[in-house]
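Chain by chain, the residues:
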Amino acid sequence: MTSTDDAVLTPLRQRVSAPATYHPQHPEIAEWRPVTMEDVDAVLEVVRAIDAADHPNYLTTREELEEELGYSFLDREADTLLAVTADDRIAAVGIVLEPPRQETLVREFMNGGVHPDFRGRGIGRELLAWQRARGEQKLAASDKSLPGWLVGYADVRASDRRRLLEAGGFEVVRYFQTMERDLAEPIPEVSPVGEVSIEPYRADLAAAVHAARDDAFRDHWGSQPLSDEQFEGLTSGSFVAELSFVAIVDGQVAGVLLTDVSEDDWAGQGFSSSYVSTVAVTRPFRGRRIAPSLLREVLLASAARGLDKVVLDVDAENPTGALGLYTGMGFVTTQQEVGLVRAY
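Residues numbered from 1 in each chain as written. Predicted model: local features only at pLDDT ≥ 70, side-chain atom pairs only at ≥ 80, totals over all residues. Heavy atoms only, no water.

## Some thoughts on the nonpolar core
Here is step 1: Ile-290, Leu-295, Tyr-326 and Phe-331 are the most contacted members of the largest nonpolar core, which totals 32 residues.
Here is step 2: Secondary-structure elements contributing two or more residues to this core are β8 (245-249), β9 (252-260), β10 (273-281), α10 (290-304), β11 (309-315) and α11 (322-328).
Here is step 3: If one sorts the elements of this core by residue count, α10 sits on top with seven residues.
Here is step 4: Not counting the four nearest positions on each side in its chain, Ile-290 is found in contact with Pro-192, Val-196, Ala-247, Ala-254, Gly-255, Val-281 and Phe-285. (Core = buried A, V, L, I, M, F, W, Y, C linked by side-chain atoms within 4.5 Å. Buried < 20%, exposed > 50% of the residue type's maximum accessible area, 1.4 Å probe, protein only. Helix = DSSP H or I, 4+ residues; strand = E, 2+ residues; numbered from the N terminus. Contact = heavy atoms within 4.5 Å.)

## Digging into the pattern of salt bridges
Here is step 1: If you walk through the whole model with that rule in mind, you get 29 salt bridges.
Here is step 2: The shortest N-O distance in the salt bridge between Asp-315 and Arg-174 comes to 2.9 Å. With Asp-315 in strand β11 and Arg-174 in strand β6 (residues 171-182), the pair connects residues that are 141 residues apart, well separated along the chain. Of the two residues, Asp-315 and Arg-174, both sit in the buried class.
Here is step 3: In this structure, the salt-bridge partner of Arg-296 is Glu-189, at a minimum N-O distance of 3.3 Å. Taken together, the residues Arg-296 in helix α10 and Glu-189 in the loop between β6 and β7 (197-200) connect sequence positions 107 residues apart.
Here is step 4: We classify Arg-296 as buried; its relative accessible area is 15%.
Here is step 5: Taking relative accessible area as the criterion, Glu-189 reaches 71% and is therefore assigned exposed.
Here is step 6: Linked by salt bridges that have partners in common, Glu-103, Asp-215, Arg-218 and Arg-283 make up one network. (Salt bridge = Lys/Arg side-chain N within 4 Å of Asp/Glu carboxyl O.)

## Thoughts on the packing of aromatic side chains
Here is step 1: Scanning the model with the defined rule gives six aromatic pairs in all.
Here is step 2: Among the aromatic residues, ring-to-ring pairing joins Trp-149, Tyr-153, Phe-176 and Trp-221 into one connected group.
Here is step 3: Looking at Arg-213, its charged tip hangs above the ring of Phe-217, at a distance of 4.3 Å from the centre.
Here is step 4: One Lys or Arg, Lys-309, reaches over the ring of Phe-271 and ends 4.5 Å from the middle of that ring. (Phe/Tyr/Trp six-rings, centres within 6.5 Å; stacked < 30°, edge-to-face > 60°. Lys NZ or Arg CZ within 6 Å of the ring centre and 35° of its normal.)

## A few points about helix α2 (residues 40-54)
Here is step 1: Compared with the 21 Å implied by 1.5 Å per residue over 15 residues, the 20 Å span of α2 between its first and last C-alpha is a close match.
Here is step 2: Burial in α2 covers these residues: Val-40, Val-43, Leu-44, Val-46, Val-47, Ala-49, Ile-50, Asp-51 and Asp-54.
Here is step 3: If you follow the buried residues of α2, they end up packed against α3 (62-70), β2 (80-84), β3 (90-97), β4 (106-114) and β5 (148-155). (Expected span 1.5 Å × (residues − 1).)

## Quick look at the side chain of Gln-131
Here is step 1: Take Gln-131: it is sitting in helix α5 (residues 123-140).
Here is step 2: A polar side-chain atom of Gln-131 sits 2.9 Å from the main-chain carbonyl oxygen of Asn-111.
Here is step 3: Setting aside residues no more than four positions away along its own chain, Gln-131 makes contact with Gly-94, Ile-95, Val-96, Met-110 and Asn-111. (Polar contact = N/O pair within 3.5 Å; in protein donor to acceptor, adjacent residues only side chain to side chain.)

## A few points about the confidence of the model for the chain
Here is step 1: On average, residues of the chain score 96 in pLDDT, and 98% of them are at 70 or above.
Here is step 2: Overall, residues 1-5 carries pLDDT values under 50, and its contacts beyond four positions in sequence, including any with other chains, amount to eight contacts. (pLDDT = per-residue confidence, 0-100.)

## What about α10?
Here is step 1: Between the first and last C-alpha of α10 there are 21 Å, a value that for 15 residues agrees with the 21 Å anticipated at 1.5 Å per step.
Here is step 2: Taken across its 15 residues, α10 has 11 buried, putting it largely inside the fold.
Here is step 3: At the C-terminal side of α10, Gly-306 shows a positive phi close to 85 degrees.

Now the structure itself:
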């Protein structure tokens, strides 16, 4: 692992040696095999058990799992792994996901985990060893002269997950905060500066919204443009167009707010909610109160639906000052997640 902050980088294939494929071994696991689409129900059961143990306030949906396993850029045979016991229980699932649009960074996401019933037995170490080797193989196959990252996330309530990643050579580099806004509290009056139209999201704006989102996120930590498949995932499944808004200036999309509603999360949260997955304002239009105006719209619309709260996540070091924006709109921090990276 080398520092690349000031270096002129050679292609990743010249900097990363592809390791041999790691073949996990564990006395309680009868078979290690790739995931198939026929496994979706069984894998969802494992993933939801992991969610309930590590972060019960948000749960993976079937649509999200099917989307991830169905990506055209995921080779399920090579990039997924199940740990199956002799009595045909899935003890763990691992996915190594490399998003395709790479402008400043090549990322390999270490997704999955160990079912709570099988933790503390060394299965997670074997799974992560496979993921790290597979991630390095994928980096070593890249011709891009860019930094390469293996990336994992750990909720602060999942301390075992953080320790596992750190033992595997990953370093905590970022903190993300979950924030909630109680809709029983008054909603501030705010309006944008100048001629700005705040409109509900429409499908015919999808391409412009996608482009605006990618442009706005260029200065966010680790962010890369979304593929069409990934963007379609933002506007499908639990996405709610009536709670999503677009800021238009001179016929251009200047700001975007996209919102989901997943009733499966409500029991673990202890309240009903909408979830703002994306808030983005393109750089030419920042400083015109577009973001707080978009937030006001989703707060009003969510309250009109009878929901208790609006929830979102934010990078604590976001360079656009998003944390202060959300605090000013009445959001309070309730949970935290760390981002861990092994850099090449």
